[in-house]
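# Geometric and topological summary
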Amino acid sequence: MRAGSKSAGVVLSIAAVGYLLAVSQRSTLGAASIVAIEKFSISGEQLALLAVAQLGVYALMQIPVGVLLDRYGPRVLLAVGGFVMGMGQLLVAYASSFEAAAVGRLAVGFGDAFTFISMIRLINGWFEGSRATKLQQWMGNIGQLGQVVSAFPFALLLHISGWQAAFVTWAALSLVTAALVWMLVGDDRVPHPHDHPRISLRQAWRQLGVNLRSPAVRMAFWTHFTIQSPGTVMVLLWGLPFLVKAQGLAKPVASGLLSMFVFVGICFGVIYGQICAKRPEWRRHLVFILFALTIAAWSVVLSFSGQAPFAVLFALFFVLGISGPGSMLAFDFSKSSVPKSRLGSANGFINIGGFLASFSMMYLIGLALDWQHRLHPTGSLYQISGFRVALLSQFFVLGIGISMFWIESRKAARESFPVE
């Protein structure tokens, strides 16, 4: 089937499902975190290291994947990513040791690295202008439903059928989707002409250098670093232990809170899409507002010496929910300043930002929890006093992010990039 005969609706639907499943594969560890601790007899620091290693591979692969995306196009990379994630989840399913499970999760992180920026590139291959801007928000938010899928259907299957059945099922879904991408997805609405071959890998690497010298691209990196990470930390790892063990919520209620901010994010993603399309001069101010709301919400929650009221926890996850889709502002910045031919490597670099911040926070929180537990060994690893100290590490990481965003946005403005 030729690229030109493919339907935009079919292509984008398959890409959306692929991204949704990728987010689901990524967040299955968070849904299975308590089971994993018991199954492999590991500490909080080891669990954090496993999540950090997965995200570390994801982050390290973003630049190589971006370069490969400029060279080979999104179809190939989406299919390869889905296949590798499926094989990684199979390894996790049959793992008899923590080390084997860790290798499987590293494979999941490796395959996941191919998905998001390929989906963004696919949108820009089929649509332009404000329509592409709105679709980036929509597709990004639809993908986040993968967190709901892991929090409910996957968690339910894990509870009913056990570890192996749950992870084998998710592996099969990934492999089937990879096959559909390979057969049905085209890179661009207009097929690439045979007499104009794609750029070489050497040229793609050179384009990366051009992107890194752009303050607009660096500004987008720090946007993603600052806005994406707080919600990711909660969904992928620490949300369930914090809400169930420290705050004393029932597991279904905690899962509902974690899922709620995904639906909140979808609603606000529509608003952000309209802002990007019609009021792009508001984008920079929006980054500062979302940062301030996140810091304020966590400050209120951590100000309680005991368990926070449910209304306060609800407000926290509502704020995280409206912040999540705000990270897509980063890719609207790049779309406005980078030509399509080198958008892959630009977005690969930008996408590192949020995950670099996320795994830094995840590890620091796990380290602080274990340190607190060694000081008070009679208490639970997840006691509320430990979390109150550990979660303060977020403020340090986010402070770095917003400071660098401010510096790079001023540089971008001086070069006439429309951030003000």
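Reading the values: rules and limits
- Residues numbered from 1 in each chain as written.
- Predicted model: local features only at pLDDT ≥ 70, side-chain atom pairs only at ≥ 80, totals over all residues.
- Heavy atoms only, no water.
- Axes fitted to C-alpha atoms, helices over the stretch in contact; angles between N-to-C directions.
- Helix = DSSP H or I, 4+ residues; strand = E, 2+ residues; numbered from the N terminus.
- Parallel < 35°, antiparallel > 145°, perpendicular 65-115°, else oblique.
- Left-handed = near helix turned anticlockwise from the far one by under 90°.
- Contact = heavy atoms within 4.5 Å.
- Nonpolar A, V, L, I, M, F, W, Y, C, P; charged D, E, K, R; others polar.
- Phe/Tyr/Trp six-rings, centres within 6.5 Å; stacked < 30°, edge-to-face > 60°.
- Buried < 20%, exposed > 50% of the residue type's maximum accessible area, 1.4 Å probe, protein only.
- Lys NZ or Arg CZ within 6 Å of the ring centre and 35° of its normal.
- Salt bridge = Lys/Arg side-chain N within 4 Å of Asp/Glu carboxyl O.
- 1 Å grid on protein atoms, 1.4 Å probe; cavity = no way out; pocket = protein on both sides within 12 Å on 5 of 7 lines; lining within 4 Å.
- Points joined across faces, edges and corners; volume = space filled by probe spheres on them.

Moving on to the packing of helix α10 (residues 215-246) against helix α11 (residues 251-278). Two elements in contact, α10 and α11, have axes whose closest approach is 9 Å; the angle formed by their N-to-C orientations is 160 degrees. Here α11 runs roughly antiparallel to α10, going by the angle between their axes. Seen from above, α10 lies across α11 with right-handed handedness. Contact with α10, carried on its side by G231, M234, V235, G239, L240, L243 and V244, involves K251, A254, S255, L257, L258 and F261 of α11 and no other residues of that element. The class makeup of the residues in the contact of α10 with α11 is nine nonpolar, three polar and one charged.

Following the criterion strictly, the structure yields 19 aromatic pairs and no others. Both rings, one in Y58 and one in F355, keep their centres 4.2 Å apart while their planes meet at 45 degrees; by these two values the pair is tilted. In this pair, Y58 sits in helix α3 (residues 44-72) while F355 sits in helix α15 (residues 343-375), placing the two residues 297 residues apart along the sequence. The two residues Y58 and F355 agree in class, both being buried. Considering the side-chain rings of F116 and F331, the 4.9 Å spacing of their centres and the 65 degrees angle between planes classify their relative orientation as edge-to-face. With F116 in helix α6 (residues 116-126) and F331 in helix α14 (residues 329-337), this residue pair connects regions lying 215 residues apart in the sequence. Three or more aromatic residues joined by ring pairs form one cluster here, namely F40, F154, W163, F167 and W170. The aromatic ring of Y72 is capped on one face by R71, whose charged end is 4.7 Å from the ring centroid. Note that R75 overlies the ring of W182, its terminal NZ or CZ placed 4.1 Å from the centroid.

Turning next to the pattern of salt bridges. Where charged atoms from two side chains of opposite charge approach closely, those side chains can pair. In the structure shown here, the tally under the stated rule is four salt bridges. Here R283 and D332 are joined by a salt bridge, their closest N and O atoms 2.8 Å apart. A residue pair is termed long-range when its members are at least 10 positions apart, and R283 in helix α12 (residues 283-302) and D332 in helix α14 qualify at 49 residues. The same class applies to R283 and to D332, which are both buried. The shortest N-O distance in the salt bridge between E408 and K411 comes to 3.9 Å. Placement of the pair is E408 and K411 together in helix α17 (residues 393-414), with a separation of three residues, close to one helical turn. Take E408: its relative accessible area is 5%, and that puts it in the buried class. Its relative accessible area of 32% is what places K411 among the partly exposed residues.

Under the counting rule described, the total for this entry stands at six cavities of 30 Å³ or more. Computed from the structure, the largest cavity encloses a volume of approximately 400 Å³. Lining of the largest cavity is provided by 32 residues; of these, Q144, Q147, Q228, G324 and S327 occupy positions nearest its centre. Counting only elements with at least two residues in the lining of the largest cavity, the list comes to α1 (8-31), α7 (129-161), α10, α11, α13 (310-323) and α15. Residue contributions to the lining of the largest cavity peak at eight residues, all from α10. Considering only residue class, the lining of the largest cavity consists of 16 nonpolar, 15 polar and one charged.

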